[in-house]
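Breakdown of the fold
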Amino acid sequence: MSEDVNHEFETIRVRQEGRVAVITLHRPEALNALNQMLMQETVTAVTSFDRDPEVGAIVITGSEKAFAAGADIKEMAPKTSVDMYLDDWFAAWDRLAQARKPIIAAVAGYALGGGCELAMACDILIAADTAKFGQPEIKLGVIPGIGGSQRLTRAVGKAKAMDLCLTGRTMDADEAERAGLVARIVPAEELLATALTVAGQIAGMSMPVAMMAKEAVDRSYETTLTEGIRFERRLFHSLFASQDQKEGMAAFVEKRSPTFVHR
Ligand SMILES: CC(C)=CC(=O)SCCNC(=O)CCNC(=O)[C@H](O)C(C)(C)COP(=O)(O)OP(=O)(O)OC[C@H]1O[C@@H](n2cnc3c(N)ncnc32)[C@H](O)[C@@H]1OP(=O)(O)O
């Protein structure tokens, strides 16, 4: 992907700015509803950037009005249970959550249902003051299907996750930040610039170190405290074999900025 860094696909736009890759969801006619094409294109782009040594961080964003208004209801409506099971509907999104490089969701407007779930599958969620989050699937006679009941509960706790999943109501950016879903809120007009700055800071770190930091935090969701601390300690010890640990600590002692080589 790095040779042709500005690319328009059917449902997404991708570009690269230095070591930051930006994926913009682009289905304006449907408020970026997540259809199968958008899922495939987004996951393919993320997978490709994840493998690209010239990319240190990825930003996923939408439009001013909608990050994504959910999975595509019109596409799903006629499906049967067997269709959904045989096609393993939404399984491809799991590949996005398996990316090893940090992904920032820059969210303005609606992030509902699958849109909220996509944002939560990213590593840092930066919201515009216009953002609205929710899991309204219950109003459609279904429940979240891209991890919402699990990631939302881990992010905001059982009380608020139950409230959101059982009533289908939306919460604004302030409430989402207070609840712990959102890392930062910024004025809508500063959203992309802020996301790019944060992504640029991350991409300027040693890549293996940033990847290990992500892996260690993610591990806290999957394991006991004792095992998680042991895992973190092993990664930490292993970094003393890296050139970037030598450079980072030498730079501090010599009162200069480090030059990381991602090794
Ligand atoms: C089932 C699982 C696992 C996950 C899901 O995500 S289910 C979907 C959850 N999301 C929703 O239920 C939200 C659906 N959308 C809305 O409620 C509204 O569109 C809105 C409140 C987000 C915005 O309302 P507004 O009046 O400003 O805009 P609309 O005229 O309603 O929408 C414009 C255009 O977009 C189409 N649209 C919007 N959301 C979806 C969607 N999730 N799937 C398919 N299409 C969507 C909407 O139909 C309209 O297009 P048309 O005028 O051509 O019908």
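Our structure's up above, just so we're on the same page.
These numbers were taken from a predicted model, which means no experiment stands behind them. (Residues numbered from 1 in each chain as written. Predicted model: local features only at pLDDT ≥ 70, side-chain atom pairs only at ≥ 80, totals over all residues. Heavy atoms only, no water.)

Quick notes on the environment of Ala 241
The test is simple: Each helix is a run of H or I in the DSSP string that is no shorter than four residues. Each strand is a run of E no shorter than two, and both are numbered from the N terminus.
Position of Ala 241 relative to the elements: it lies in the loop between α11 (225-238) and α12 (243-253). Between the C-alpha atom of Ala 241 and that of Arg 263, which follows or precedes it by 22 residues, the distance is 9.2 Å.

Digging into the nonpolar core
Heads up, the rule is: To form a nonpolar core, buried Ala, Val, Leu, Ile, Met, Phe, Trp, Tyr and Cys residues must be joined to one another through side-chain atoms within 4.5 Å. The cut-offs for exposure are 20% and 50% of the maximum accessible area for each residue type, with area from a 1.4 Å probe on protein chains only; residues under the lower value are buried, those over the upper are exposed, and the others partly exposed.
Counting residues in each nonpolar core, the largest one holds 50 residues, and the members touching the most others are Ile 60, Trp 93, Phe 133 and Leu 181. For this core, the element with the highest residue contribution is helix α1 (residues 36-51), accounting for six residues. Residues Val 22, Ile 104, Val 198 and Ala 199 belong to the second largest nonpolar core, which totals 18 residues.

A short note on the side chain of Thr 194
We count it as follows: What qualifies as a polar contact is a pair of N or O atoms within 3.5 Å, subject to a donor-acceptor requirement within protein and to the restriction that residues adjacent in sequence count only when both atoms come from side chains. Whether two residues are in contact is decided by their heavy atoms: any pair within 4.5 Å suffices.
Among the secondary structure elements, Thr 194 is positioned in helix α9 (residues 191-203). Residue class for Thr 194 comes out buried when judged on its relative accessible area of 15%. Engagement of the side chain of Thr 194 in a polar contact is seen with the backbone oxygen of Glu 190, the distance being 2.7 Å. Beyond its immediate chain neighbours, meaning those up to four positions away, Thr 194 contacts Ile 126 and Val 186.

Structural notes on the site of the ligand
Applicable threshold: If a single non-hydrogen atom of a residue is within 4 Å of a molecule or strand, that residue counts as near it. For the accessible areas, the method is Shrake-Rupley and the probe is 1.4 Å, while residue cover comes only from the protein chains on display.
Around the ligand, the surrounding shell holds 24 residues, and the nearest of these are Lys 65, Ala 71, Ile 73, Lys 74 and Gly 114. A distance of 2.9 Å is found between a nitrogen atom of the ligand and a backbone nitrogen or oxygen belonging to Ile 73. For the ligand, an oxygen atom lies 2.8 Å from a polar atom in the side chain of Lys 74. When isolated, the ligand has an accessible area of 980 Å², and the protein chains bury 64% of it. For the shell around the ligand, the secondary structure elements donating two or more residues are α2 (73-76) and β7 (110-112).

What about the packing of aromatic side chains?
The line we're drawing: Centres within 6.5 Å make a pair out of two Phe, Tyr or Trp rings, where for Trp the six-membered ring is used; the pair is then stacked when the planes are under 30 degrees apart, edge-to-face when over 60, and tilted otherwise. Two conditions define a charge sitting above a ring: the NZ of Lys or the CZ of Arg must be within 6 Å of the ring centre, and it must be within 35 degrees of the ring normal.
Evaluation of the coordinates by the stated rule reveals one aromatic pair. Judged by centre distance (5.2 Å) and plane angle (75°), the rings of Phe 236 and Phe 240 are edge-to-face. In this structure, Lys 132 is placed above the aromatic ring of Tyr 110, and the distance from its NZ or CZ to the ring centre is 4.9 Å. Of note, Arg 219 hangs over the ring of Phe 231, and the distance from its end group to the ring centre comes to 3.8 Å.

Brief notes about α12
As a reminder of what qualifies: This arc is taken over the directions from the axis of the helix to the C-beta atoms.
Here α12 has its buried residues at Asp 244, Gln 245, Glu 247 and Ala 251. Seen from one end, α12 has its buried residues packed into an arc of 165°, which puts them on one side. Phi turns positive one or two residues past the end of α12, at Lys 255, with a value near 55°.

Quick notes on a nonpolar patch on the surface
Rules: Patch rule: a residue counts if its relative accessible area is over 30% and it has no salt bridge; like charges are joined within 9 Å, and nonpolar side chains (Val, Leu, Ile, Met, Phe, Trp, Tyr) within 5 Å. Note on definitions: salt bridges are taken to be side-chain nitrogens of Lys or Arg within 4 Å of carboxyl oxygens of Asp or Glu.
Together, Ile 73, Leu 140 and Val 142 line one region of the surface with nonpolar side chains, adding up to about 260 Å² of accessible area. Here Leu 140 shows up in the loop between β9 (132-134) and α6 (148-156).

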